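If you want the building blocks of each chain, they are given just below.
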Amino acid sequence: MTTGIATVGVVGAGQMGSGIAYAAALGGYDVVLYDLSADRTEKGLATVVKSFDRQIAAGNLSGADKDAALARIRVATEVEALAPADLVIEAATEDEGVKRRIYGAICPSLKPSAILASNTSSISITRLAAATDRPERFLGIHFMNPVPVMKLVELVRGIATDDETFEEAKRFVDTLGKVMTVSEDFPAFIVNRILVPMINEAVYTLYEGVGSVESIDTSMKLGANHPMGPLQLADFIGLDTCLSIMQVLHDGLSDSKYRPCPLLVKYVEAGWLGRKTGRGFYDYRGETPVPTR
């Protein structure tokens, strides 16, 4: 299945942005990986290289595949580099204000026909689209973390998203070898509407002393056949991201069952955000992770 997309711009060279760049380059697209500083783009490109090396080690890719895909990626710190892109995917932090500022900065450099998408995991697509100059050409393309190995992509259309844009996005996801689900534009969409409240409940279970970090994670791995315990998963996702999603759910649906656990708030306030900061519900600074509670 072919698309009218040749060049994909990715805004944000963090964990999600680098993963999206990996998937797009492997899918045969030219990729512009954009971030504000050369340090960020270099780290993002290094993450892409590591992803390729892991897939080669697993026997899923060849060295030639890696070389061809990497040749399709270029990094940029100037917003004008996004001008040739037919599709631009914003993969910035889960903060609506940040995303709105990004759209204000990049939209003047995009060609009028370019599709603009957000990788947001929870924020209203309709509301984000209204902050752009192209609400009809805007939608949510939500990749799962880690992008190189997770098969699912949630597509979310806002109230203004036109049919042509939505169909083109579906074709794009198909060419990446991903499986697509369509979600209505409600807070946190499908996956995080179900997953993150479960994580929040696990934090409440810890907060109320029902079980320790280790007992909660072991119980869910062996009792519910989850590949990863909910607190371990929270550390992997990032506790700041989990808290942001719970706040979006609580604000958007006005239901007390989505109230973020005070212990989750406390960890975020401490800067213990999980793997990326070295500490969360586990301490990752030694050879093996140790529960922090």
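Everything numeric here is computed off the predicted structure, so don't read it as measured data.

**Observations regarding the nonpolar core**
Consideration 1: Of all hydrophobic cores here, the largest spans 35 residues; its most connected members are Val8, Leu87, Ile89, Leu139, Ile141, Phe143 and Phe172.
Consideration 2: Among the nonpolar cores identified, the runner-up in size contains 26 residues, and Ala188, Leu233, Leu243 and Tyr267 belong to it.

**Looking at the packing of aromatic side chains**
The description of two aromatic rings rests on the distance between their centres and on the angle between their planes.
Consideration 1: As enumerated under the stated definition, the model contains seven aromatic pairs in all.
Consideration 2: Note on tyrosine 103 and phenylalanine 138: the rings are 5.5 Å apart at their centroids and 75 degrees apart in plane angle, and the pair reads as edge-to-face. Linking tyrosine 103 in helix H4 (residues 96–106) with phenylalanine 138 in strand S6 (residues 138–143), this pair joins segments that are 35 residues apart in sequence.
Consideration 3: Judged by relative accessible area, which is 0%, phenylalanine 138 ranks as buried.
Consideration 4: Ring-pair connections join several aromatic residues into one group, and the members of that group are Tyr267, Trp272 and Phe281.
Consideration 5: In this structure, arginine 157 packs its charged tip against the face of phenylalanine 166, placed 4.7 Å from the ring centre.

**So, the UniProt feature "domain: 3-hydroxyacyl-CoA dehydrogenase NAD binding" (unreviewed entry) in the protein**
Consideration 1: The positions that UniProt labels "domain: 3-hydroxyacyl-CoA dehydrogenase NAD binding" (unreviewed entry) are, in the present scheme, residues 7–184.
Consideration 2: Taken end to end, residues 7–184 is 39% helix and 22% strand, and its two terminal C-alpha atoms sit 27 Å from one another.

**Concerning the state of the cysteines**
Consideration 1: Enumeration according to the criterion identifies zero disulfides in this entry.
Consideration 2: For cysteine 242, which is in no disulfide, the shortest distance to another cysteine sulfur is to cysteine 261 and amounts to 12 Å.
Consideration 3: The buried category is assigned to cysteine 242, whose relative accessible area is 1%.
Consideration 4: Taking relative accessible area as the criterion, cysteine 261 reaches 0% and is therefore assigned buried.

**Focus: the pattern of salt bridges**
Consideration 1: Enumeration over the complete set of coordinates arrives at 14 salt bridges.
Consideration 2: In this structure, aspartate 35 engages arginine 40 in a salt bridge whose closest nitrogen and oxygen atoms are separated by 3.2 Å.
Consideration 3: Aspartate 35 gets classed as buried once you look at its relative accessible area, which sits at 10%.
Consideration 4: Residue arginine 40 is classed as partly exposed on the basis of its relative accessible area of 45%.
Consideration 5: The shortest N-O distance in the salt bridge between arginine 285 and aspartate 283 comes to 2.7 Å.
Consideration 6: Aspartate 283 sits in the buried class, given a relative accessible area of 17%.
Consideration 7: Among the charged side chains, a salt-bridge network with shared partners connects Glu90, Glu94 and Lys99.

**Some remarks on the layout of surface pockets**
Consideration 1: When its volume is computed, the largest pocket comes out at roughly 1,400 Å³.
Consideration 2: Every element with two or more residues in the lining of the largest pocket is listed here: helix H1 (15–26), H4, S6, helix H7 (191–207), helix H9 (230–237) and helix H10 (239–253).
Consideration 3: Among the residues making up the lining of the largest pocket, the classes are represented as 25 nonpolar, 15 polar and ten charged.
Consideration 4: The computed volume of the second largest pocket comes to approximately 360 Å³.
Consideration 5: What lines the second largest pocket is a set of 18 residues, and nearest its centre among them are Gly14, Gln15, Ser18, Lys43 and Thr47.
Consideration 6: Sorting the residues of the lining of the second largest pocket by element identifies H1 and helix H2 (38–57) as the ones contributing at least two each.
Consideration 7: Here the element with the most residues in the lining of the second largest pocket is H2; it accounts for eight residues.
Consideration 8: In terms of residue class, the lining of the second largest pocket is made up of four nonpolar, eight polar and six charged.

What counts, and where the lines are drawn
Residues numbered from 1 in each chain as written. Predicted model: local features only at pLDDT ≥ 70, side-chain atom pairs only at ≥ 80, totals over all residues. Heavy atoms only, no water. Core = buried A, V, L, I, M, F, W, Y, C linked by side-chain atoms within 4.5 Å. Buried < 20%, exposed > 50% of the residue type's maximum accessible area, 1.4 Å probe, protein only. Phe/Tyr/Trp six-rings, centres within 6.5 Å; stacked < 30°, edge-to-face > 60°. Helix = DSSP H or I, 4+ residues; strand = E, 2+ residues; numbered from the N terminus. Lys NZ or Arg CZ within 6 Å of the ring centre and 35° of its normal. UniProt positions renumbered as here; feature names shortened; annotations may be inferred. Disulfide = S-S within 2.5 Å. Salt bridge = Lys/Arg side-chain N within 4 Å of Asp/Glu carboxyl O. 1 Å grid on protein atoms, 1.4 Å probe; cavity = no way out; pocket = protein on both sides within 12 Å on 5 of 7 lines; lining within 4 Å. Points joined across faces, edges and corners; volume = space filled by probe spheres on them. Nonpolar A, V, L, I, M, F, W, Y, C, P; charged D, E, K, R; others polar.

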